[in-house]
Amino acid sequence: MSEYKMELTAEQLAVLGGSEGETMAKILRTVVEFGEIFGAKRLVPVTHREGHLVTSFGIGLLEPLFRTMDELIDAGLTAPGGFTVDPRPLDYANVPCNPAEKLIFNKIMYSQQERYEKQLRAVGLVNANGFTCTSYLPEVGNTPKKGDVLSWAESSAVVFANSVLGARCNRNSGMLDLFGSIVGYVPEFGLVTDEGRRASWKVYVKTTKKPEAQLLGSAIGMKVVEDVPYVYGLTEYIGSELDDDAVAYLKNFGAATASNGAVGLYHIDGLTPEAKELGEALISPDANTYVIDDAELERVRESYPVMWKKKDAKAQLCFIGCPHLTFSELCGWAENLSDALAKNGRTRVAVRTVFTASPDVAARFRATPLYRKLIASGATLSSICPLMYTNNPLTHMKNIATNSNKLRTYSLARYYTDAEMLDIISGKGAA
Ligand code: F3S
């Protein structure tokens, strides 16, 4: 008789008994016990074997994580399909820091970065370009198919994979993402099941113009929290095909639902794969209703606290690209910025500005003439995570502006719409 509540195969029980070593047994036991907490009846195979890990930073306090990584390495365990990982925290070449900030980053915040990156390489990091939260974009290539079961973490990547690609993944935590990738199984519950993918909210978008993706996502995230929303009325604004613009919109929208709430999956009527295939059959009969009009978006925007010391101060640093920008977004920003600067009689940005994109998207963009234009304006292009940059207490003294609702939520940065950010950066608006 097994000590586990879950139904396990003879092979899984053998692994738990140590047939593949003590460390592998511990990993599988952790995955099983995690699933049992959520009532999973069995494990299911991970069908898209390339993982995505959320922990990319070597914060000194994470000693238990570093010890666990050493144990995996000593046992010779790796993720057979490899993995990508969230962005690095630092890039002094493109996101300059003063000596005091560097001291805190190097000696306190990310003192274990080198050690941790070495560990990541040893257990299966795909390559040096694998540091991004948009691993699913074609340039990066960690792109699951519809129906694939994943062992990923990173809320913005999980919600994109579930909703836009139709893959199946729960909102895992750090290390469970890696453990599932190593053992090749995840517990069957929540968003991995048909039932868990049904919508318990009907959301009607009734705005008079295309809603800002990050605001709409924020409103829905705060309302439905961890439930699954089925959204009507968006195809009017973003079309019924997953083209570059729709993908970028849904990336930003999803990240806001996942960070301002805890959404792991949304369906967009007439657009996302499961909504196209199953339509309203995805909606639970007792679903709640939420109507979003201009006034509701305004109410949500007004509810954001301004965390700057002086509310009427000007922005000192702008971050655009949380989640990392797509290639077409980067091109769009470069073109719009160049036009706006010319209109305002300027050649250089009015505020230090950092655009962030994955190393692979950045490399593609660097090969275009738009890159030279962007750099000539004084803006920089980096592949860091802006949020990790703001982990330094000294950065709290800076007025950081962003169009990311995720960055706003987890830092002291102030949120502006895309159009407002363009005004600030091009010297038109006062921030
Ligand atoms: Fe990506 Fe960091 Fe933002 S992981 S979503 S750039 S907080």
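Residues numbered from 1 in each chain as written. Predicted model: local features only at pLDDT ≥ 70, side-chain atom pairs only at ≥ 80, totals over all residues. Heavy atoms only, no water.

## So, the domain arrangement of the protein
It is common to give the size of an interface as the accessible area that goes away when the parts come together.
Step number 1: Split by domain assignment, the protein resolves into domain 1 (10-192), domain 2 (198-302) and domain 3 (317-426).
Step number 2: Between domain 1 and domain 3, the C-alpha centre-to-centre distance is 28 Å.
Step number 3: Domain 1 puts 29 residues into the contact, and the matching count from domain 3 is 28 residues.
Step number 4: Carbon and sulfur atoms supply 61% of the area buried between domain 1 and domain 3, which totals about 2300 Å² over both sides.
Step number 5: Ranking the residues of domain 1 by area buried against domain 3 places V95, E101 and E139 at the top, with a combined share of 24%.
Step number 6: On the surface where domain 1 and domain 3 come into contact, there are three salt bridges.
Step number 7: Salt-bridge contacts for E154 lead to K406; the nearest nitrogen and oxygen are separated by 2.9 Å.
Step number 8: Sorting the residues of the side of domain 1 that touches domain 3 by element identifies α4 (99-109) and α6 (155-163) as the ones contributing at least two each.
Step number 9: The biggest single contributor to the side of domain 1 that touches domain 3 is α4, with five residues.
Step number 10: Taken together, the residues of the side of domain 1 that touches domain 3 break down into 17 nonpolar, seven polar and five charged. (Domains from an automatic or database assignment. Contact = heavy atoms within 4.5 Å. Buried area = accessible area lost by both parts, 1.4 Å probe. Salt bridge = Lys/Arg side-chain N within 4 Å of Asp/Glu carboxyl O. Helix = DSSP H or I, 4+ residues; strand = E, 2+ residues; numbered from the N terminus. Nonpolar A, V, L, I, M, F, W, Y, C, P; charged D, E, K, R; others polar.)

## Details of the layout of surface pockets
Step number 1: Of the pockets and cavities examined, the largest pocket occupies roughly 630 Å³.
Step number 2: If you trace the largest pocket, you find 25 residues lining it, with K210, N252, E329, W333 and D418 closest to the centre.
Step number 3: The set of elements that each furnish at least two residues to the lining of the largest pocket consists of α8 (213-224), α10 (244-260), β9 (317-325), α13 (327-343) and α18 (418-425).
Step number 4: Considering each element in turn, the lining of the largest pocket owes the most residues, six residues, to α10.
Step number 5: Grouping the constituent residues of the lining of the largest pocket by class yields 11 nonpolar, seven polar and seven charged.
Step number 6: Of the domains in this structure, domain 2 (198-302) and domain 3 (317-426) are the two that each give at least three residues to the lining of the largest pocket.
Step number 7: Approximately 410 Å³ is the volume attributed to the second largest pocket.
Step number 8: If you trace the second largest pocket, you find 18 residues lining it, with N170, G190, L191, E226 and A262 closest to the centre.
Step number 9: Residues of the lining of the second largest pocket, tallied by class, amount to seven nonpolar, six polar and five charged. (1 Å grid on protein atoms, 1.4 Å probe; cavity = no way out; pocket = protein on both sides within 12 Å on 5 of 7 lines; lining within 4 Å. Points joined across faces, edges and corners; volume = space filled by probe spheres on them.)

## Some points on the nonpolar core
Step number 1: The biggest cluster of nonpolar side chains holds 71 residues, and the ones touching the most others in it are L216, I220, L250, F253, F355 and F365.
Step number 2: Considering every element that reaches this core, the biggest residue donor is α13, with eight residues.
Step number 3: Here I220 is in contact with V203, V225, P229, V231, F253, T257, Y290 and I292, once residues within four sequence places are set aside. (Core = buried A, V, L, I, M, F, W, Y, C linked by side-chain atoms within 4.5 Å. Buried < 20%, exposed > 50% of the residue type's maximum accessible area, 1.4 Å probe, protein only.)

## With respect to the site of the ligand
Step number 1: Surrounding the ligand, one finds D86, P87, C133, E154, S156, C322, P323, C385, P386, L387 and K406.
Step number 2: Every element with two or more residues in the shell around the ligand is listed here: β9 and α16 (386-389).
Step number 3: Taken together, the residues of the shell around the ligand sort by class into seven nonpolar, one polar and three charged.
Step number 4: The residue makeup of the shell around the ligand includes at least three contributed by each of domain 1 (10-192) and domain 3 (317-426). (Near = heavy atom within 4 Å.)

## Examining the sheet that holds strand β6 (residues 229-232)
Step number 1: Pairing is parallel in the open sheet, where four strands are placed in the order β7-β6-β5-β8. With partners counted over all chains shown, the strands left at the sheet margins are β7 (267-268) and β8 (283-292), one partner each. (Pairing = 2+ DSSP bridges.)

## Some remarks on the environment of E226
Step number 1: Position of E226 among the secondary structure elements: in the loop between α8 and β6.
Step number 2: For E226 and A262, which are 36 residues apart along the polypeptide, the C-alpha to C-alpha distance reads 4.5 Å.
Step number 3: If near-sequence neighbours (up to four positions away) are discounted, E226 is found in contact with A262 and V263.

## What to know about the pairing of β9
Step number 1: For β9, the buried fraction is high: nine of the nine residues fall into the buried class.
Step number 2: Across five bridges, β9 lies against strand β10 (residues 352-357) in parallel orientation. In the sheet register, L317 faces β10, and the bridge partner there is R352.

## Details of the side chain of S382
Step number 1: Relative to the assigned elements, S382 resides in strand β11 (residues 380-382).
Step number 2: A polar side-chain atom of S382 sits 2.7 Å from a polar atom in the side chain of D91.
Step number 3: With sequence-adjacent residues up to four places away left out, S382 is seen in contact with D91, N94, V95, V354, F355, T356 and A357. (Polar contact = N/O pair within 3.5 Å; in protein donor to acceptor, adjacent residues only side chain to side chain.)

## A word on a negative patch on the surface
Step number 1: Taken together, the side chains of D293, D294, E298 and E302 make up a negatively charged region of the molecular surface.
Step number 2: Residue position: D293 is located in the loop between β8 and α12 (294-302). (Patch = residues over 30% accessible without salt bridge, like charges linked within 9 Å, V, L, I, M, F, W, Y side chains within 5 Å. Areas by Shrake-Rupley, 256 points an atom, 1.4 Å probe, with all protein chains shown as cover. Lys, Arg positive; Asp, Glu negative; His and termini not counted. Charge placed at Lys NZ, Arg CZ, Asp CG, Glu CD.)

## Observations concerning the packing of aromatic side chains
Step number 1: Evaluated as defined, the whole model comprises 15 aromatic pairs.
Step number 2: Relative to F38, the ring of F34 has its centre 5.3 Å away and its plane inclined at 65 degrees; by these criteria the two rings are edge-to-face.
Step number 3: When the ring of F253 is compared with that of Y266, the centres are 4.8 Å apart and the planes differ by 85 degrees; the resulting orientation is edge-to-face. Taken together, the residues F253 in helix α10 and Y266 in the loop between α10 and β7 connect sequence positions 13 residues apart. (Phe/Tyr/Trp six-rings, centres within 6.5 Å; stacked < 30°, edge-to-face > 60°.)

## Considerations on the side chain of H324
Step number 1: With respect to the helices, strands and loops of the structure, H324 is situated in strand β9.
Step number 2: Here the side chain of H324 touches T132 through a polar contact of 2.8 Å, side chain to side chain.
Step number 3: One polar contact links the side chain of H324 to the main-chain carbonyl oxygen of I384, over a distance of 3.0 Å.
Step number 4: Beyond its immediate sequence surroundings of up to four residues, H324 is in contact with P87, F131, T132, C133, T134, K251, E329, T356, A357, S358, S383 and I384.

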